[in-house]
Structures are given as structure tokens and as C-alpha cells.
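Residues per chain are reported as follows:
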Amino acid sequence: MFFFRNPKFGSATENGLHHDKVAILDAGSQYGKVIDRKVRELQIESDLLPLETTVQEIKEKGYKAILISGGPNSVYDEDAPSYDKSLFTANIPILGICYGMQMINSEFGGSVQKKDIREDGQTAITILEPTCPLFSGLSKTQNVLLTHGDSVDKIGEKMKKAAVSSSDIVAAIYNEQMKIYGVQFHPEVDLTENGKQIFSNFLFNICGLTQNFTMISRKEQCVKYIKDKVGNNKVLLLVSGGVDSTVCAALLRYALNPSKIIAVHVDNGFMRKDESDKVEKSLKEIGIDLIVKKAFNQFYKGTTAIKKPGQMYSLETPMLCNTCNPEEKRKIIGDVFVKLTNEIISEMNLKPEEVVLAQGTLRPDLIESASSLVSKNADTIKTHHNDTELIRQLRQQGRVVEPLADFHKDEVRALGYDLGLPAHLVERHPFPGPGLAIRILCAEEPYMEKDFAETQVIARVIVDYKNKLERKHALLARVTEATTDDEKKELLRISSSYEISATVLPIRTVGVQGDKRSYSYVLGLSSQVDPNWNDLIFLAKLIPRILHNINRVCYVFGGHIQFPISEVTYTHISNFTLSQLREADAIANEVMKLTGTTKQIAQMPIVLIPIHFDRDPANKVPSVQRSIVLRPFLTNDFMTGVPAIPGSDRLPLHVLGKMVNEIMKVEGISRVLYDLTPKPPGTTEWE
Ligand SMILES: Nc1ncnc2c1ncn2[C@@H]1O[C@H](COP(=O)(O)OP(=O)(O)OP(=O)(O)O)[C@@H](O)[C@H]1O
Ligand SMILES: O=c1[nH]c(=O)c2[nH+]cn([C@@H]3O[C@H](COP(=O)(O)O)[C@@H](O)[C@H]3O)c2[nH]1
Ligand SMILES: NC(=O)CC[C@H](N)C(=O)O
Ligand SMILES: [Mg+2]
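Predicted model, so just to flag it, every value in this text is computed and none were measured.

Let's shift gears to the site of ligand 1. Surrounding ligand 1, one finds 22 residues, the nearest of these being L238, S240, S245, V266 and K409. S240 places a polar side-chain atom, nitrogen or oxygen, 2.4 Å from an oxygen atom of ligand 1. Surface burial for ligand 1 is 96%, taken as the share of its 580 Å² of free accessible area covered by protein chains. Secondary-structure elements contributing two or more residues to the shell around ligand 1 are α6 (243-255) and β11 (261-267).

Looking at ligand 3, there are 14 residues lining it, with G71, N73, C98, G149 and D150 nearest. The separation between an oxygen atom of ligand 3 and a polar main-chain atom of Y99 is 3.0 Å. The side chain of Q102 places a nitrogen or oxygen atom 3.1 Å from an oxygen atom of ligand 3. Burial of ligand 3 by the protein chains amounts to 97% of its free accessible area of 300 Å². Elements with a contribution of two residues or more to the shell around ligand 3: α3 (99-107) and β6 (141-152). Counting residues per element, the shell around ligand 3 draws most heavily on β6, which supplies four residues. In the shell around ligand 3, the residues fall into three nonpolar, nine polar and two charged.

Quick look at α3 now. Burial analysis of α3 places seven of its nine residues in the buried class, the great majority of the element. Those residues of α3 that fall on the buried side of the exposure criterion are Y99, G100, M101, Q102, M103, I104 and N105. On its buried face, α3 is in contact with β3 (63-68), β4 (94-97), β5 (112-127), β6, β8 (170-175) and β9 (180-183).

Once that is clear, we can look at the nonpolar core. Membership of the largest hydrophobic core comes to 93 residues, with the highest contact counts inside it found for L525, L539 and L630. Considering each element in turn, this core owes the most residues, nine residues, to helix α18 (residues 533-546). Both of domain 2 (217-435) and domain 3 (452-675) provide at least three residues apiece to this core. With residues near it in sequence (within four places) discarded, L525 still touches V463, I500, S501, A502, L536, L539, I543, V553, C554, Y555 and V556.

For the rest of this paragraph, the subject is the packing of aromatic side chains. Applying the stated rule across the entire model yields 15 aromatic pairs. Taken together, a centroid distance of 6.5 Å and an interplanar angle of 35 degrees make the contact between F135 and F185 tilted. Placement of the pair is F135 in the loop between β5 and β6 and F185 in the loop between β9 and α4 (195-206), with a sequence separation of 50 residues. Accessibility classification places F135 together with F185 in one group, the buried group.

Turning our eyes to something else, we now look at the pattern of salt bridges. Across all of its chains, the model carries 50 salt bridges by this definition. Residue D387 pairs with R392 through a salt bridge whose shortest N-O separation is 2.9 Å. For R392, a relative accessible area of 26% gives the class partly exposed. For the salt bridge of E470 with K466, the shortest nitrogen-to-oxygen distance reads 3.3 Å.

About the thresholds
- Residues numbered from 1 in each chain as written.
- Chains lettered and ligands numbered in written order.
- Predicted model: local features only at pLDDT ≥ 70, side-chain atom pairs only at ≥ 80, totals over all residues.
- Heavy atoms only, no water.
- Near = heavy atom within 4 Å.
- Polar contact = N/O pair within 3.5 Å; in protein donor to acceptor, adjacent residues only side chain to side chain.
- Areas by Shrake-Rupley, 256 points an atom, 1.4 Å probe, with all protein chains shown as cover.
- Helix = DSSP H or I, 4+ residues; strand = E, 2+ residues; numbered from the N terminus.
- Nonpolar A, V, L, I, M, F, W, Y, C, P; charged D, E, K, R; others polar.
- Buried < 20%, exposed > 50% of the residue type's maximum accessible area, 1.4 Å probe, protein only.
- Contact = heavy atoms within 4.5 Å.
- Core = buried A, V, L, I, M, F, W, Y, C linked by side-chain atoms within 4.5 Å.
- Domains from an automatic or database assignment.
- Phe/Tyr/Trp six-rings, centres within 6.5 Å; stacked < 30°, edge-to-face > 60°.
- Salt bridge = Lys/Arg side-chain N within 4 Å of Asp/Glu carboxyl O.

Pasting the structure below:
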């Protein structure tokens, strides 16, 4: 079976020494490749293998330790992915992460259950066993990333509880003699502050591995890969002007004769204000002449064939301009990109079989799209435009060149500098290929399921905790049972200081919880006085933990929201909505540029949502007003991240105030919102 180890990157080393190797068994985590990366950063060779890999194979191939990743499934489900049960008696040290820990616990006779509390985001855990070798050298309290809905209930026989979360959920288990360890949190991501130390404790102190694996220069690996893949063909490179495609262009230039490279920029009509002109100029500066293809109509009226679950055949979607479903929008856009490249090839009188397609695809694009290139068990969080069905078919034919497919954004930037690219290109904020089209939240009717009303009530109990406690509100237990004593104290303090309103918005956005896609409501918080931002950040972390159908929490500027919201403004991608969003996006970016804020923030999606606030529900005339969301986001590798806190060095309040005031002047804008949600549970983009 073709699996995982990216064959193009082999396992070559410079020093020719024997290496201790680690097997990473993949249960479908969003972070499998991040585990691999962290292990390699510690100079240990690793291979990402399917979860069902047998102990025999692991032994034959000489792996000295096993890491089991997280994954979207539940161990108690009948269709949970299978694995070799003798893993745990094979005398090979094991570290199970999240789903991996839940597997260990069940295997040792313990129980794993879906609890009322979910934990998604950075949380403090307490180490109960200071002598546990996994936590050697660490202080009692650790900030870690948790993202799970299932939790260990009864601890497995022979296992000892090593740590608990602030919600008193088991955070680590172990058996020191058997060298078997499980952590509910994710030591591989940046949001686990001492993750590297934990890996180092496991790999060196517990497994006794030797640190001597050095990869050959990644630049040289890329060059070899490009030469092999392109061979005697020409290469048509899709250049958005973003970081990845610019670095990819520079790599192709470094590896190939320029006459072999056709660089195409597509102006799909969803770019930012004046973006395509700027891209053409800046690529010229680094010696790349772009063919610019204007194709607004092709995208706007684009369709694609999609096979839905239960359907026998693929059916053609409606046109993009009539489509609301974000996954369908993404698939149409991705496929139109491919159709366009075919047109360009024939316009240039080239033979399709003599041209390969190059893209600046990165590791997270493939992980989130659940590409079989990276995992068999992963859930699709969102289909990136550069990994749609048509692209997958071309890949199978060996016609796609993606030298950066094993990289994360921060690694691409390092390579960009290595190739001599200027900082203003390397440090650009990412901008998704489908552009503004996936930042216009389209809707024809409100999303209000059976749970809408109850969710609204519980959200109010949370933000008005003090009063609801005094009046012994009927749904109080939903909050008290899901919170710790410290959190209850915080809620009491916050709700005593000033009045915060909570309004569920009848729209859906995409998120990621426990390695699974979520697609659910947004909660808007509002207040008459200026908010305390740290309190709001606390609420934004807590609320999705109690209300799992809320995957995003925003602050809504402009005083208390006047009425509950039960309608949406009919919204599709159109010239008008595009121009509204383009204007708001240009304002936010200009303010960031003028105030030197751009480099303090990793990315700042600006999103148009079909919500008209403060509208008397008695008014039956359809609304034409919409709102704008700001999403200032901090991250390195885009797999996890946190919102920038207003008033911090990252985003001074006067800068934010200026953005909000200016955006409110855009025609047809009702209010401006600020997305306070970490990833997980909210992804960077809303769709
Ligand atoms: N407008 C476009 N024209 C041509 N190619 C595009 C366009 N948008 C995206 N692509 C292709 O899709 C790939 C993935 O897009 P993505 O946004 O992830 O990367 P990028 O635009 O190169 O960098 P960044 O993540 O910094 O925006 C690009 O590398 C490029 O090959
Ligand atoms: O080229 C792209 N095509 C896409 O379809 C796409 N979707 C998300 N993104 C970018 O990926 C990063 C992670 O995004 P999320 O946290 O929203 O999943 C962020 O940087 C997003 O902007 C895309 N880039
Ligand atoms: N990230 C994970 O591995 C999640 C495991 C399991 N699906 C849960 O939600 O608990
Ligand atoms: Mg881009």
C-alpha cells in the first residue's frame, strides 16, 4: 500500500550513522505530521505509519519506540480503526497521544466515555506524580493543548494517573515498568508550552534513543524532487503571489532552466483590492514574468460534479454564485483552477502530457483536506482548493509537482530566506486561494435547529451567572456541572462587574474539535461599556466547552445587541458583497500597515456575515445589511493558534478602534465583530 513516508524525501542522512527510529502510528490526527516534525527536530528519525501496522513489521523494521497519534474516532465505536492488540505487550516503549491514550486505557481494561465537558484549547493541567519520568524537569502546572470530547473514566489496570486537567479530567496515565505512557493533551503543538521537553523525556530518558539523525538540506531535497518530477516536461506553476507559491517559484527557478517554467497568476475575481497588479510587479522584481489570467466569470459561474453520501453518481452543483455550502464552494473553485490550467495549456499549443502542474501546496492543506497522501483516518476539516478531486486525479497520474508538500508555513519562510527572497514577500500574511469567496458567508435562510433556543438560554446563564445563580435558574446545572470551582468564581466575578449580553447567531461556521470537523453556531457577546478583553477571552474559551454546538465566540462592537436574531440577510457571492468585503479588508490591512501592526499578527481574515443587528423582528421588509468580522490570529504553523488580545502589544486598542470606525463607514455594514476563538475549536477561516 502507498502510505505516508513521502517517497520524495527518503531517509538520506549526511553522516551515514545508524539511527534509532520511531514509528508514529496514525489514528487520523490533524497533527500527525507535527509529531513527525517535533521528533525530527530532536534529531530522531521517524516514519508515519498506518495505525494497523503489525508489531511484527514494527520489530522487523527496527523501530525502537512507538508514538500513537490522536484521531477523530471514539475507541468505543464499533467502526473504530483497528490495530494490532499485541502492541502493548511487545516490550517496545509507547507514548499514546489523545486518541492514542484512550486506546491504551481501553486496552488495559479501563473505560473511555463521552462526557458532558469537551476540552478544546489551551488549558492548565496539574501533574500529580512528580516522579513520572515523562514529566521529569517540569513544574507541577503545565499549559497544554487539549481537544477531546471523550475522556478516561475508570483508569486501566496496571495504569497510574499522572496528571489531571483543570476540569478534573485525566490528562496522563502511565506504567513505568512497561514504559507505556498516555497523554490526553497534544505535546506536539506549540500551544503545549513544554511539549518538546516531554518528547525529549520520552525519547531519551525513557526509550534511551541516540540523537544523531540529520536530514540532508531540505533545499537540495526539493531540487532533486523537482528535477525528477519535471523530467523533460515543461512546468506550469500556479502563482498566487502568496508566500508558498512565491517560494515555490524561486525553487523552480533555482532547480530548472527558466525556459521550462510557465508561471500563471489567476485573477479569479476574489482577490484583495489591487492584489493581482501588486503580485505581478513583485514577482517581476524577483525575475519571474507572470501570465495573468483574468477569469472572474469562469469562477463566478463555475460548477463541478460532486458525489454526496448515499448517491450513486456525481451530480453537477449549482453555479458558485448560487451556492451557499462552503465545501461545495471550495470544490467548485478548486476545480475551476484546474480547468483553467488546461485551457492555458491548449492556448499555448502545448500537449497536456508534456506539461506538469506545480502548486505551492503545504502540509496543512493536505491534512485539513484529509488527503490520502497524509492520512487514512483523518476527517476532512475543509477541502483546500489545491486538493480537490481533479487535482487528486492529476496527482495519481504523476502530473503534479508540489515541492513544499512536507512543509509548514514557518519552514517555507525559512526556505524563502535561504533562497534570497526579500522579507516583504516572505513575511506576507497567507491568503487562501478561494480568497474572498470563502470569506463571504452565504445564506438563504437562518440556521436554527432544535437546539437553538436552549443554546441561547444556556449562553445567557453563563454570561449572567450571578443573577441566574441567585434565582436558581432551571438550566444552571448545565453550567455548574461543566465548570470547576475556580471557573465558577471567575464567572461570578465577571458577571458582577458589568452586564454582558450573549446572542446566538443563526449562521454556521467551520471549526475543528477533537480532530473532527464541526459546523455550527456563532455566539455574539456585547456590552454597553468597553469590555475587559481578558474576561472575554476567558468566556470564549469556556463557552464552547459547555456548549459544543458553539464553535466560535465573538465580541460585537456597538453596545448591547437590541433584539434576538432569527433572520439572515439573503447572501450570495455577488459583485456587491465582494465589493463590500474587499473594501473592509482593504481598510483593515491599510490600518495594520500604517500602524506597523501587520508583523505582530500571523493572519487576519476579514469575513462578511449575513447578519443585520438591532432589527426589530416585527419588520418584515428583507434586510440588505450585513456585518464584518475581524479575525486577528496568532500562530506559527497554522495547525493551532490563538486570537490576538486587543490592548496587547500585538493589537493596540487605538488601532482596533480605528479599524472598526472606518469599516462601519462601508455601505451596508450593520456592525463589526471580533473573533475571540482559539484554534481549536475555531479554524482560522470561517468556512
Ligand atoms: N490566484 C491564484 N493564481 C494562481 N495560483 C494560485 C492562486 N491562488 C492559489 N494558487 C495556488 O494554490 C496554492 C496554494 O495556495 P495558498 O494560499 O495555500 O498558498 P500561497 O498563496 O502560495 O501562499 P499563502 O499561504 O501565503 O497565501 C498556491 O501555492 C498556488 O500554487
Ligand atoms: O490556499 C488555500 N486554499 C484553501 O482552500 C484554504 N483554506 C484555508 N487556507 C489557509 O490555510 C490556513 C489554515 O486555515 P484554517 O485554520 O482555516 O483551516 C490559513 O492560513 C488559511 O487562510 C487555505 N489556503
Ligand atoms: N484529538 C483526539 O484524538 C480526539 C479523540 C476523541 N475522538 C475525542 O474527542 O476525545
Ligand atoms: Mg494564498
